[in-house]
Amino acid sequence: MTAGTHIALKEALGRIGYVADDSLAMALHLALSLGRPLLLEGPAGVGKTEVAKALTEHLGARLIRLQCYEGLDASHAIYEWNYQRQLLAIRADHASEEALFSDRFLLKRPLLEAITQHDPPVLLIDEIDRADEEFEAYLLEILSDFQITIPEIGTIAASARPVVILTANGTRDLSDALRRRCLYSYIDYPTRETELAILARRGPKLEARLARQIVGVVQALRREDLEKKPGIAEMLDWSAALAGLGINDLAEDRAAVQATLVCLLKTAADRDAAPAEVMDRIIGKVA
Amino acid sequence: MGVTRFPARAEGLADRMTGFIAHLRLNGMKLGPGETADALVVLGAVNATDPAEARLALKSLIVPDAEGWRHFDELFDAYWYNGGKTRTGTANAHVRVQSARPRLWQGHLDAPGGGGDGDGESTPGQGEGEAEGIDGRLIATRTDNLHKRDLRELMDEDSRHAAERAALDLARAIRDRRSRRRRQARRGAALDLRRTLRASLARGGEPIDLFRKQRPDRPMRIVALCDVSGSMQPYARVFLAFVKGLIDADTTADAYLFHTRLMRVTGALRDHDTLRAAGRLSLMAEGFGGGTDIGASLTAFADTCASRALTRRTVVLILSDGYCTGAPDNLARALSRIRRKAGRIVWLNPLLGWQDYAPIAAAMAAALPHLDAHLPANTIDALAALEPEFARL
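Residues numbered from 1 in each chain as written. Chains lettered and ligands numbered in written order. Predicted model: local features only at pLDDT ≥ 70, side-chain atom pairs only at ≥ 80, totals over all residues. Heavy atoms only, no water.

Just to check I follow, could you spell out the interface of chain B and chain A for this structure?
Size of an interface: often given as the accessible area lost when the parts come together. Contact residues are listed per partner, giving 29 residues for chain B and 35 residues for chain A. Each partner contributes to the roughly 2,900 Å² buried at the junction of chain B and chain A, and carbon and sulfur atoms together form 57% of this total. If you sort the residues of chain B by the area they bury against chain A, Leu56, Ser60 and Trp69 of chain B come out on top, with a joint share of 18%. Where chain B meets chain A, there are 4 salt bridges. Among the ionic pairs, Asp38 of chain B bridges to Arg36 of chain A, the shortest N-O distance being 2.8 Å. Element by element, the count of residues in the side of chain B that touches chain A is highest for helix 2 (residues 33-45) of chain B, at 6 residues. Broken down by class, the residue content of the side of chain B that touches chain A amounts to 14 nonpolar, 6 polar and 9 charged. (Contact = heavy atoms within 4.5 Å. Buried area = accessible area lost by both parts, 1.4 Å probe. Salt bridge = Lys/Arg side-chain N within 4 Å of Asp/Glu carboxyl O. Helix = DSSP H or I, 4+ residues; strand = E, 2+ residues; numbered from the N terminus. Nonpolar A, V, L, I, M, F, W, Y, C, P; charged D, E, K, R; others polar.)

Written out as structure tokens, the structure is:
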């Protein structure tokens, strides 16, 4: 294979507006070329879900998303029979059993839908750690063989292998079996340079000095002992708020800056942890 | 960095890759022969002659979790570059093996907050000889013994794990309360035939509207209050591991530490690295000096957090020895206030397992009438044996 294919992927994603680091680009490249699922972990708000969206756009594929939650079961993730239509069919045309359990009466849920597509879609299984262990076990068959067994019909094998991306942020520890089947990448909070690049691509038009200040403050806040550290989405919200207020220098209009902190700090305890004095210190350092 | 010079017998990529996987396995990663094959496939998909690319590719294939993500680069350098960083890797393997031994003669490894990653031994080389564990068989016969010893004597990794496991089982026993009755539900496993038929009358006998039913979950929440005062110091580590286990098993559980003050530690306990969490917590706990004021701490809890944390389906676990410098009346009042809001209050007392212990300390005597259960917790077995007690609550 040619050299630096993951670099090419990284640049392609960059053109779409997603700034990936080398290890993430490599993981995505391998997921695409080996056809293995990719597990992304990292703190909330570093753009795990966004990876899947960017990749979808890059591939020109369809995104099928399964949001996990506690109590998610097979009938909501894989398939369910359309009972009403079956009943009607029995009454109306005395349908036989084979006819009743056929494609017509099958409600496809995300996982089944993903493996019955013509063109390979991107399947995003979001926050897999929220689903319970039983569901994780279901997933194993699908992720390793890309097939689903429906007792009444038989085994359905994938017509096109979806690109599977799983995300988790540590609500619960995942099983070793699942981890072994996946490639893995840990996405951490971005470095200063990366974050500046993200702000330049995704944020409003800002002066270079203000952009540096914003990123500096957010990075400093992440080092503080906060309950919920501000992620990239929060940083972008904040920059949009500052741009909307027409602030050009954080050190100038301190009251407005303090008021816009609602974009960054989302709990009462965190608000208390960053009073005006602390913010003064941080802003003084970056300005 | 110099590239490792492999012995002449290790010929070709496959051999070296096997060696690399073995090296990682020694350092605590769970890898099988499947990974070796996958690793070679992965190298086929990238430009394998570029070390940086090969490193990234192997990293995303082999690393299973965030912990491994942080260590992989060091291990990679150690194997392929003969790096000076070998010790970090081997220190881990070393600790894993040794942790199974009783640590009576290893006081220096028990330093509080000892993040065992990095500052351990600086043994060079692959450390294979040590990892074999010459006295491996001794370990097995000793474990049984360890479980029955008073928790004060144990503070090593294994007892922490055992305590965590006990807590996991306990939390499951409490959480999985299912009702026998079935209720109507929007998305349930079974059809509610009776309702469906009744509703079908309106449609001329066609069962178009389907109703479902399901057994409602009645999960019990756990709120743990752990005493970390001076007198509890010997137990603190294992109890913290126990509390961490409770927190891990259940996303709604809540944990607090107290001595003369109360603090919420649920967030810190969700830290994945047990050792680091324990270190962080013991640091937090040590910052406040030795005394205990259980009454004031519980009053603070009832004043501030109780309204959020307590429901009728909450089990309040108090882990304390009941030695208290505050007024016993205070404690009784706080407990009765908590009692009114919570489902159950259970007091786990490490002293209760002792032979001649009687709860005559003033505080304990005042607390007893308000408790649903007062249970011993001085050995890991005692912690594990709590499960049936809780199933009954």
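Explain the confidence of the model for chain B here, please?
Interpretation of this model should avoid reading the predicted coordinates in detail wherever pLDDT is low. Residue and element names in this part refer to chain B. Of all residues in chain B, 70% have pLDDT values of 70 or greater, and the mean over the chain is 72. By mean pLDDT, the top-scoring element of chain B is helix 3 (residues 51-62) (89), and the lowest-scoring one is helix 6 (residues 128-132) (36). Below a pLDDT of 50 lies the segment residues 84-149, which in the model reaches 73 contacts outside its immediate sequence neighbourhood of four places, other chains included. As a predicted assembly, this complex carries a pTM of 0.65 together with an ipTM value of 0.82. (pLDDT = per-residue confidence, 0-100.)

Explain the confidence of the model for chain A here, please?
Per-chain confidence: chain A averages 87 in pLDDT, with 98% of residues scoring 70 or above. Averaged pLDDT values over the elements of chain A bottom out at 81 in helix 14 (residues 268-273) of chain A and peak at 94 in strand 5 (residues 122-126) of chain A.

What should I look at first to understand the sheet that holds strand 1 (residues 183-185) of chain B in this one?
Each strand in a sheet pairs with another by means of backbone hydrogen bonds, the pair being arranged parallel or else antiparallel. Residue and element names in this part refer to chain B. Ordered by their spatial adjacency, 3 strands build an open sheet running 1-3-2, and the pairing between neighbours is antiparallel. Where the open sheet ends on each side, the last strands, each with one partner, are strand 1 and strand 2 (190-191). Two elements, strand 1 and strand 3 (residues 212-214), share 3 bridges in a ladder whose sense is antiparallel. Paired with Gln184 across the bridge in strand 3 is Lys213. (Pairing = 2+ DSSP bridges.)

Would you explain the packing of aromatic side chains in this entry?
For any two aromatic rings, the description comes down to two numbers: the centre-to-centre distance and the angle of the planes. Residues and elements named next belong to chain B. This structure, assessed with the given rule, holds 13 aromatic pairs over all chains. Ring centres of Phe72 and Phe76 lie 5.9 Å apart, and the angle between their planes is 35°; this geometry places the pair in the tilted category. Taken together, the positions of Phe72 and Phe76, both in helix 4 (residues 66-80) and 4 residues apart, correspond to about one turn of that helix. With relative accessibility at 0%, the residue Phe72 sits in the buried group. Ring centres 4.9 Å apart and planes at 90° place the aromatic pair Tyr79 and Trp80 in the edge-to-face group. The burial state of Tyr79 is the same as that of Trp80; both residues are buried. Following the ring pairs from residue to residue traces out a cluster consisting of Phe20, Phe72, Phe76, Tyr79, Trp80 and Tyr81. The residue whose ring lies beneath Lys59 is Trp69, and the NZ or CZ to ring-centre distance is 4.3 Å. Between the NZ or CZ atom of Arg195 and the centre of the ring of Phe211, over which it lies, the distance is 5.7 Å. (Phe/Tyr/Trp six-rings, centres within 6.5 Å; stacked < 30°, edge-to-face > 60°. Buried < 20%, exposed > 50% of the residue type's maximum accessible area, 1.4 Å probe, protein only. Lys NZ or Arg CZ within 6 Å of the ring centre and 35° of its normal.)

Is there a simple way to think about the sheet that holds strand 8 (residues 344-349) of chain B in this case?
Residues and elements named next belong to chain B. An order of 6-5-4-7-8-9 is seen for the 6 strands of this open sheet, with the pairing classed as mixed. Two strands in the sheet have a free side with no partner beyond their single neighbour: strand 6 (262-264) and strand 9 (373-376). Across this sheet, the average inter-strand angle for adjacent strands is 20°, counted without regard to direction. Summarising the sheet, strand 5 (residues 254-258) and strand 6 pair through 3 bridges and their orientation is antiparallel. Along strand 6, the bridge assignment pairs Tyr256 with Arg264. Sitting on the sheet, helix 13 (residues 294-304) is in contact with strand 4 (221-227), strand 5, strand 6, strand 7 (314-319) and strand 8, with an inclination near 150° to strand 4. Its contacts with the sheet place helix 15 (residues 328-341) against strand 7 and strand 8, and it is angled at close to 135° to strand 8. (Axes fitted to C-alpha atoms, helices over the stretch in contact; angles between N-to-C directions.)

Help me understand helix 13 of chain B, please; the structure alone is not making it clear to me.
Structural remark: α-helix, 3.6 residues per turn; residues separated by three or four positions point the same way. The complete set of buried residues in helix 13 of chain B reads Ile294, Gly295, Ser297, Leu298, Phe301 and Ala302 of chain B. Buried residues along helix 13 of chain B cover an arc of 165° about the axis, so they all sit on one side. (Arc of directions from axis to C-beta.)

Teacher, can you tell me more about the pairing of strand 8 (residues 163-168) of chain A here?
Residues and elements named next belong to chain A. Of all the 6 residues making up strand 8, 6 are buried; the element is thus mostly covered by neighbouring parts of the structure. With 4 bridges connecting them, strand 1 (residues 38-41) and strand 8 associate as parallel partners. Each residue of the ladder has a partner; that of Leu40, found in strand 8, is Thr167. Bridge count between strand 5 and strand 8: 4 bridges; the pairing is parallel. Bridging from a neighbouring strand, Ile125 pairs with Leu166 of strand 8.

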